[in-house]
Amino acid sequence: MSRVARFHADRTNQKLYFARLACQQAEQVDHVQQAQGLRESAVFHLHGAVLAFLQELVRYYRLNDLAPTLKSVEENMAAKGQVSPEISVMQQLAKQGFIAELKRAYRMCQYAPEPTTPEPEDETSSNLIIKVTQTPQAWLPDTKILREWHRDLTQLIDGFRNEMVEF
């Protein structure tokens, strides 16, 4: 049985593929809202790829964890007296790295950003004129950053898969 079939890597691969498709389509679309939707879709799929890879690790290490997180996998491994090098690296990247940035973008996709309080313009003769223009998607990563995250995540997962050895 292949490694992909054995540890259910196909779902992780699908999520990475869907993220790549969303980036490609976002670059080809002229409509701003469609591009935003596709970029958000890429964020969702990249985040989903991280979660799917955690499920792969749970299966690989034979853990009983239906909704794995970095913390839960670490705790389950510690209970078995083991350490997962994959989780250690991913935790570091989740603190300060592209996974941390991805998680922030994912959270921002879930909730509307806090609106800023409009400020009166200083250079006007009247304080009644209020500047309300904001870029509603300034927090959303552009496709260049999304492609970098995709590349980094793909390389990370491929590297982990290559190092996984039966114990």
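Check the entry above for the structure.
Predicted model only: the values in this text are computed from it and were never measured. (Residues numbered from 1 in each chain as written. Predicted model: local features only at pLDDT ≥ 70, side-chain atom pairs only at ≥ 80, totals over all residues. Heavy atoms only, no water.)

A word on the overall build of the protein chain. The secondary structure content of the protein chain amounts to 7 helices and 2 strands. Listing each helix as α and each strand as β along the protein chain from the N terminus yields α-α-α-α-α-α-β-β-α. Burial statistics for the protein chain: of 167 residues in total, 39% are counted as buried. In the protein chain, the share of contacts with a sequence separation of at least 24, taken over all contacts with a separation of at least 6, comes to 67%. (Helix = DSSP H or I, 4+ residues; strand = E, 2+ residues; numbered from the N terminus. Buried < 20%, exposed > 50% of the residue type's maximum accessible area, 1.4 Å probe, protein only. Contact = heavy atoms within 4.5 Å.)

Closest axis-to-axis distance for the helix α3 (residues 32–60)/helix α7 (residues 143–163) pair is 10 Å, and the angle between their directions is 10°. The orientation of α3 with respect to α7, classified from their angle, is roughly parallel. Remark: the crossing between α3 and α7 carries left-handed chirality. Together, Arg-39, Ala-42, Val-43, Leu-46, Ala-49, Val-50, Phe-53 and Glu-56 of α3 and Thr-143, Leu-146, Trp-149, His-150, Leu-153, Ile-157, Phe-160 and Arg-161 of α7 make up the contact between the two elements. (Axes fitted to C-alpha atoms, helices over the stretch in contact; angles between N-to-C directions. Parallel < 35°, antiparallel > 145°, perpendicular 65-115°, else oblique. Left-handed = near helix turned anticlockwise from the far one by under 90°.)

Let us now look at the environment of Arg-147. Among the secondary structure elements, Arg-147 is positioned in helix α7. Given the relative accessible area of 31%, Arg-147 is considered partly exposed. In this structure the C-alpha to C-alpha distance between Arg-147 and Ala-19, which are 128 residues apart in sequence, comes to 8.7 Å. Dropping the residues within four chain positions of it, Arg-147 is found in contact with Cys-23, Gln-24 and Glu-27.

Time to look at the nonpolar core. Core analysis: the largest hydrophobic core is formed by 37 residues, its most contacted members being Leu-46, Leu-57, Met-90, Leu-153 and Leu-156. Mapped by element, the contributors of at least two residues to this core are α2 (9–28), α3, α4 (70–79), α5 (85–95), α6 (98–110) and α7. In terms of residues, this core owes the most to one element, α3, which gives 10 residues. Every residue in contact with Leu-46, bar those within four places of it in the chain, is listed here: Leu-16, Ala-19, Leu-102, Leu-146, Trp-149, His-150 and Leu-153. (Core = buried A, V, L, I, M, F, W, Y, C linked by side-chain atoms within 4.5 Å.)

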